[in-house]
Amino acid sequence: MSVGKAIGLGEEPTMSRVIEITGLHRIYETAAGPTPALRGVSFYVDKAEFVAIMGPSGSGKSTLMNILGCLDRPTLGRYLFAGTDVASLSDNQLADLRATQIGFVFQNFNLLSRATVLRNVMLPLVYTACPHAEREQRARTALRAVGIEEEYFEHKSNEISGGQMQRVAIARALVNNPELILADEPTGNLDSATGEMVLNTFEVLRRQHRTIVLITHNEEVASRADRILYIKDGLLVNEERLRGGGGARVAEPMEAAEPVESDEPAEFADETAAPADETADLAYDFDPADLDDPAETAELAYDFDPAELDDDPTEPADLPDEGSAADGHS
Ligand SMILES: Nc1ncnc2c1ncn2[C@@H]1O[C@H](COP(=O)(O)OP(=O)(O)OP(=O)(O)O)[C@@H](O)[C@H]1O
Ligand SMILES: [Mg+2]
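These remarks concern the structure in this document. Just so we're clear, the structure is a prediction, and the values are computed from it rather than from any experiment. (Residues numbered from 1 in each chain as written. Chains lettered and ligands numbered in written order. Predicted model: local features only at pLDDT ≥ 70, side-chain atom pairs only at ≥ 80, totals over all residues.)

As for the sheet that holds strand β3 (residues 50-54)
Keep this limit in mind: Two strands are said to pair when DSSP picks up at least two bridges between them. Secondary structure elements are defined from DSSP: runs of H or I of at least 4 residues count as helices, runs of E of at least 2 residues count as strands, and each element is numbered from the N terminus. Interaxial angles span 0 to 180 degrees and are taken between N-to-C directions of axes, which are lines fitted to C-alpha atoms, for helices over the stretch in contact. Residues are scored as being in contact if the C-beta atoms we place from backbone atoms lie within 7 Å.
In spatial order, the strands read β6-β7-β8-β3-β9-β10; together these six strands make up an open sheet with mixed pairing. Both outer strands of the open sheet, β6 (102-106) and β10 (235-241), are each paired with one neighbouring strand and no more. Across the sheet, the mean angle separating the axes of adjacent strands is 15° when strand polarity is ignored. Bridge count between strand β9 (residues 227-232) and β10: six bridges; the pairing is antiparallel. Residue pairing in the sheet places Arg 227 in a bridge with Arg 241 of β10. Strands in contact with helix α5 (residues 162-174) are β6 and β7 (180-184); relative to β6, the strand with the most contacts, it is inclined by about 170°. Lying on the sheet, helix α6 (residues 192-207) is in contact with β3, β7 and β8 (212-215); it crosses β8 at an angle near 155°.

Structural data, given as structure tokens:
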């Protein structure tokens, strides 16, 4: 019996596959008894694919996202992340994977409200070998790239607007140059104009061949994706391909594939830095005058050179200092 028969599955797994799930079930134990939220879901997402997930309220989308993000484990079924069976990882290893390879964007932003905007964006870097001085620089660059102005960097994250919060959350999701970006209703709490800014970010990320899985109720949002998966009653019921084919637009194996290609920043710059009005459209309404070099900034924000991370392997020693911000000891 193949309930929720694999959609697009059946090929041999390849190293370009970021996500491969097979027969995924998630049953919540509630006072009213077991609640099956996922009932045998199978699909894959290739490197560089932008996949949207749609479906009615209660169909299991967030449940699925929590599992894809390693925030929750399936009741049954297999989840391979970049070829690794997630079930074989310890909680610490999962936390490490979340911290270094997955960028999250949530409907309710999930920022640390008592920490500053800047600190929120720096946090993912605390768990990497990124040198301390560079963390702040990267966070600042990422914030500027999503249109957050300098004057807000030291604001507490509960002292900015909803649209700003989501852009801060996107900066936080990108600052670590993750393998996978997961977004659960990223425009759900935003007015249409602000939602459009957030959408344009995803458009930029798509053009950079980022791997993105995005949940949405909004057809306009979903139309930006390469592929739409439809989920209903805990099952995948349909798939629609909007662009691309096979999802394997990046040929090299995942281990070797770093997003920093020598021509990649140039492509990004071409798309965003040419006419001023187009720049504003793609990179929100931030004032290019705030930046010394918008193209360079965009490059830094989205295409960090991983080699820079190796500058000072002793840096993680100061991790507890960084962590104290999150502990809430003020
Ligand atoms: N922690 C939980 N405990 C028990 N049941 C849950 C839990 N989380 C979700 N559910 C149930 O699982 C089902 C799927 O919920 P889920 O949140 O994944 O839906 P969704 O597709 O994200 O919906 P929405 O579009 O409203 O966000 C629902 O029936 C929901 O009530
Ligand atoms: Mg949900």
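A word on the site of ligand 1
Spelled out, the test is: We call a residue near a molecule or strand when its C-beta atom, built from the backbone, sits within 6 Å of it. The residue classification treats Ala, Val, Leu, Ile, Met, Phe, Trp, Tyr, Cys and Pro as nonpolar and Asp, Glu, Lys and Arg as charged. All others, Gly included, are polar.
Close contacts around ligand 1 come from Tyr 28, Thr 30, Thr 35, Ala 37, Gly 55, Ser 57, Gly 58, Ser 59, Gly 60, Lys 61, Ser 62 and Thr 63, and that covers them all. Secondary structure elements with two or more residues in the shell around ligand 1: β1 (17-30), β2 (33-46) and α1 (61-68). No other element matches the three residues that α1 contributes to the shell around ligand 1. A class-by-class count of the residues in the shell around ligand 1 yields two nonpolar, nine polar and one charged.

Concerning the sheet that holds strand β5 (residues 84-85)
The sheet built from four strands is open, its strands ordered β2-β1-β4-β5 with antiparallel pairing. What marks the edges here is a single partner per strand, and that holds for β2 and β5.

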